[in-house]
Amino acid sequence: MRFFRVLLIGACCLLGSMTAQAQTWGTVTGTVTDSTDGTPLSGVTILVRGTDYGTATAANGRYSLQLPTGKYLLRFSAVGFSSRTDSVTVTEGTNRLDVALSSTVLEMEGVTVTGAEVPDRPGVYKVDPKNVQDIPTPFKDGFRALKTMPGVATNNELTRQYSVHGGGYNENLVFINGFEVFMPFRVRQGEQEGLGMINPALTSDITFYTGGFPVRYGGKLSSALRVEYAQPKNQPLSGSASVSTLDANVHAQSSALDGDLGWTLGVRHARPGRFFGTQDLKGDYSPRSTDVQSFVTYRMSDRVSIEALGIWSDHTFKLDPKQQKTYFGVISLDPERPSDFKAFWQDLNGARQDGLTTTFGGVRLNTDLSDRVQIEHDLAYFETQETESFDITGQAKVFKVDPGSDPDSREGRELSERSTHINQADNVVNVRRLTGRGRYTWILGRHELEGGWHARSLHFRDRLDEKNVIKTPERRITVHSIQDSATFNEMQAGLYLQDAVDVLPTKDRLVVTGGVRADYFSFNGEWTVSPRLSARFTANDRLTLTGSWGIYHQKPTYRELRGKPKDEESIDEALNRDINSQQSIQYVLGGEYFFPQQRLSLRAQAYYKDLNDIISYSIDDVRVEYSGRNDANGYTYGFDLQLRGELVPGLDSWFNYSFLVSRARFKEQYQDEYTKGLIPRPADQRHTFSAFLQDYVPGDKSWKLHMRLLYGSGLPYTPLEPGSDGRIRVPGDRMSGRLPPYRRVDVGATKRIEITEDGIGAPVNLELTVEVLNLFDMDNTVDYSWTKDWSRVPKRLTPRTLNARLRLTF
């Protein structure tokens, strides 16, 4: 721990000077015994309540725990015994606390299942909303916080899109208070996305399923994210307001009508032009995002309540590009091997303006027919309109650069090629979804039965008008050109059944969950059936084992159905009505072991996915281009490791490592000389490491230090080569190249000042945060463009950036 404290403090010293003082500690010791006969109990876990900081009893039932002086609640727990919480005041020296636990071995007839899900088990991860606020990121939203979770690929800080276990960006489910919400459909780059749909200030709970999720959550192939907004009950007014150099937000929540009406409201606004403008492409960046969200709960009676969620967000991205200077190539220190160092300079004229407007409204009726039977019905409307308009001409030059000279001087560079790039587009896509759902639960003895249904109407209106041309003195290359529009109306429906049963006499020792869902899509008239089975075994208070098997089907969305229309093909002609759902048969094994002496949990998960009827795709920056056909089969396997705990009492930290292999083989009828054999899939990121570390300045808990570390090995990409008739085509070796590894370290320091203890409903605190994003100014490449001689010009992400934030909570 001392190493990480030195690392954190050393990095954050770049933000300012901090004073450290000595801190007084004490020791709590005692013996834990069986209340029946006084026998000492070994292996009893002792934790400071609300934390992972603690220890365990030895063979003689004794324990010892060091804590800073103060008052604490200690929780004593062991398999087969009732948990007990006792308070202790720690003073300097030794403090004794003996505890007796009562046996809780249960009879078979008396066990009742009270929940089939255990979110804090391997493969299912909790994300603390407080950590979302603390993780140093350009914007505070739940999606960017997921990039520090096991199994999540990382290579771009500008986007909120994410890939889980080798899946595509479109393979993740997102729910806010049970309502499904959706990512943007056709963004080209991260700057177009705006603020993430999740407002962390409103959030009370985030649960992330990285695989093996139950039938309740539908049929995407990779992950499910469940977000719960706060539901205040008998709560006075509280909230927060913050402002930074990039964004601002305010939120409030309270209850009324004797606690029957609970509400929460949040407003966010961002203008991150300064952050986007740090990239190689210079110009007048003018992004603007506004987001308003509210969640309301009204309890009509003890058994009937109504919930409503409303979201409106609007994002506009304007750019008047001026110039791009990118240096690339190899600098050789060996005099016998000359350097191959180049510069790509581009003078640009024109403008672009992109828009993304999203409207969501959902209402739910909850009815408890009894203590064991609950039903809920909801209706939700989702609409988004994405616009993309640009007309930009670039005069591009490529220079050979002498690394030992000033590249801005004529002596330091030699012109090797010249070309003109013309990019034009005026695209609009409008998407509307109306969804009705029902969910029913019945607790019957040792079983928790659950069933549900959904029906959804889909409307897509798509207009494409775009052209991409490269001119050189020798030729004109039309990279891409299309002009067309289409309207698409279909419906989807599905239903599921699930049963969770507590198998053994000891409650929650072994829980087995089985279920099946069926889904229908009118576009191709397809029905799919997806059975799933999972189990969780609690071996003892330290070790938990999990396993799951399931079949997952993902209905093709409009992007998969359409693919990328060819230059002479209309959008309607590109729609493939013979397309089928993609299928994934998943096997997952996991385990978690708690080391009480070290106050750490080690979590491990291994998985294998058998992929069938894949719709192949490629990624251009963050835009996903699908083939529009079930042209491949494949597999993905790997494992995730997480070491997590409170290295410092009261502050959660973690380290993740993931290994992944994802391959596809094109079906014989779709193979050509360029797509033979096993080929890496676009999200085949072999190694991923992430960490989030927190610490206090010693002796002053009003100062907190935060560090986020990200590493992802290079993602595959397909190099481009010239084809016949002056066009560009994909070469034979699909996904044969690799981007450079993604490396990033972000640090922050927060000073907390208590203004008053007597606020409206809570103390009023002021937090001042200073962050250095990309602390070591590492160059990260998200994509390549290509010169006339097919040299790769990297598209680099943001360099080192300073951000300051002021946050008031009340």
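Residues numbered from 1 in each chain as written. Predicted model: local features only at pLDDT ≥ 70, side-chain atom pairs only at ≥ 80, totals over all residues. Heavy atoms only, no water.

### Quick look at the pairing of strand β41 (residues 764-773)
In terms of burial, β41 is a largely internal element, seven of the ten residues being buried. Taken together, the nine bridges between strand β40 (residues 742-756) and β41 define a ladder with antiparallel strand orientation. In the strand pairing of β41, I753 is matched with L766. Sheet analysis places β41 next to strand β44 (residues 801-809), joined by nine bridges and oriented antiparallel. What sits directly across from L768, in β44, is L806. (Buried < 20%, exposed > 50% of the residue type's maximum accessible area, 1.4 Å probe, protein only. Helix = DSSP H or I, 4+ residues; strand = E, 2+ residues; numbered from the N terminus. Pairing = 2+ DSSP bridges.)

### Here's the deal with the sheet that holds strand β6 (residues 81-90)
Reading across the sheet, the four strands line up as β3-β2-β5-β6 and stay open at both edges, with antiparallel pairing between neighbours. Taken across any chain shown, the strands that pair with only one partner, and hence form the sheet edges, are β3 (54-56) and β6. Mean inter-strand twist for the sheet, computed between neighbouring axes without regard to direction, equals 20 degrees. Sheet topology places strand β2 (residues 45-48) next to strand β5 (residues 70-78); four bridges connect them, and they run antiparallel. The residue of β5 that forms the bridge with L47 is R75. (Axes fitted to C-alpha atoms, helices over the stretch in contact; angles between N-to-C directions.)

### Considering the sheet that holds strand β9 (residues 124-127)
Spatial strand order, β9-β14-β15-β12-β13: five strands in an open sheet with mixed pairing. The open sheet is flanked by β9 and β13 (179-181), the only strands paired with a single partner. Adjacent strand axes in the sheet meet at a mean angle of 25 degrees, parallel and antiparallel pairs treated alike. Both strand β12 (residues 172-176) and strand β15 (residues 223-229) contribute to a ladder of five bridges, which runs parallel.

### Things to note about the environment of R456
Note that R456 resides in strand β24 (residues 447-471). For R456, a relative accessible area of 7% translates into the label buried. Considering only alpha carbons, one finds R456 and M491, 35 residues apart in sequence, at a separation of 5.5 Å. Only 3.0 Å separates the side chain of R456 from the side chain of E180, close enough to count as a polar contact. At 2.7 Å, the side chain of R456 and the side chain of T435 are in polar contact. (Polar contact = N/O pair within 3.5 Å; in protein donor to acceptor, adjacent residues only side chain to side chain.)

### Focus: empty space enclosed by the protein
Empty pockets left among the atoms are what a rolling probe the size of a water molecule brings to light. Evaluated as defined, the whole model comprises 16 cavities of 30 Å³ or more. Of the volumes computed, that of the second largest cavity is approximately 150 Å³. Around the second largest cavity, the lining is made up of 19 residues, and of these R160, L195, S313, L356 and T358 lie nearest the centre. The set of elements that each furnish at least two residues to the lining of the second largest cavity consists of β19 (281-299), β20 (304-330), β21 (340-368) and β22 (373-401). When grouped by side-chain class, the residues that make up the lining of the second largest cavity number seven nonpolar, eight polar and four charged. (1 Å grid on protein atoms, 1.4 Å probe; cavity = no way out; pocket = protein on both sides within 12 Å on 5 of 7 lines; lining within 4 Å. Points joined across faces, edges and corners; volume = space filled by probe spheres on them. Nonpolar A, V, L, I, M, F, W, Y, C, P; charged D, E, K, R; others polar.)

### Quick notes on the nonpolar core
Grouped together as the largest cluster of nonpolar side chains are 57 residues, with contacts concentrated most on F143, Y162 and L225. Once residues within four sequence positions are removed from consideration, L225 is found in contact with F143, L146, Y162, L173, V174, F175, I198, I206, T207 and F208. (Core = buried A, V, L, I, M, F, W, Y, C linked by side-chain atoms within 4.5 Å. Contact = heavy atoms within 4.5 Å.)

### Some points on the packing of aromatic side chains
Considering all chains together, one arrives at 26 aromatic pairs under this definition. On the basis of an interplanar angle of 75 degrees and a centroid distance of 6.2 Å, the ring pair of Y162 and F208 is categorised as edge-to-face. With Y162 in the loop between β10 (152-153) and β11 (163-164) and F208 in strand β14 (residues 203-209), this residue pair connects regions lying 46 residues apart in the sequence. The pair Y162 / F208 is uniform in exposure class, with both members buried. (Phe/Tyr/Trp six-rings, centres within 6.5 Å; stacked < 30°, edge-to-face > 60°.)

All quantities given are derived from atomic positions and should not be read as evidence of function.
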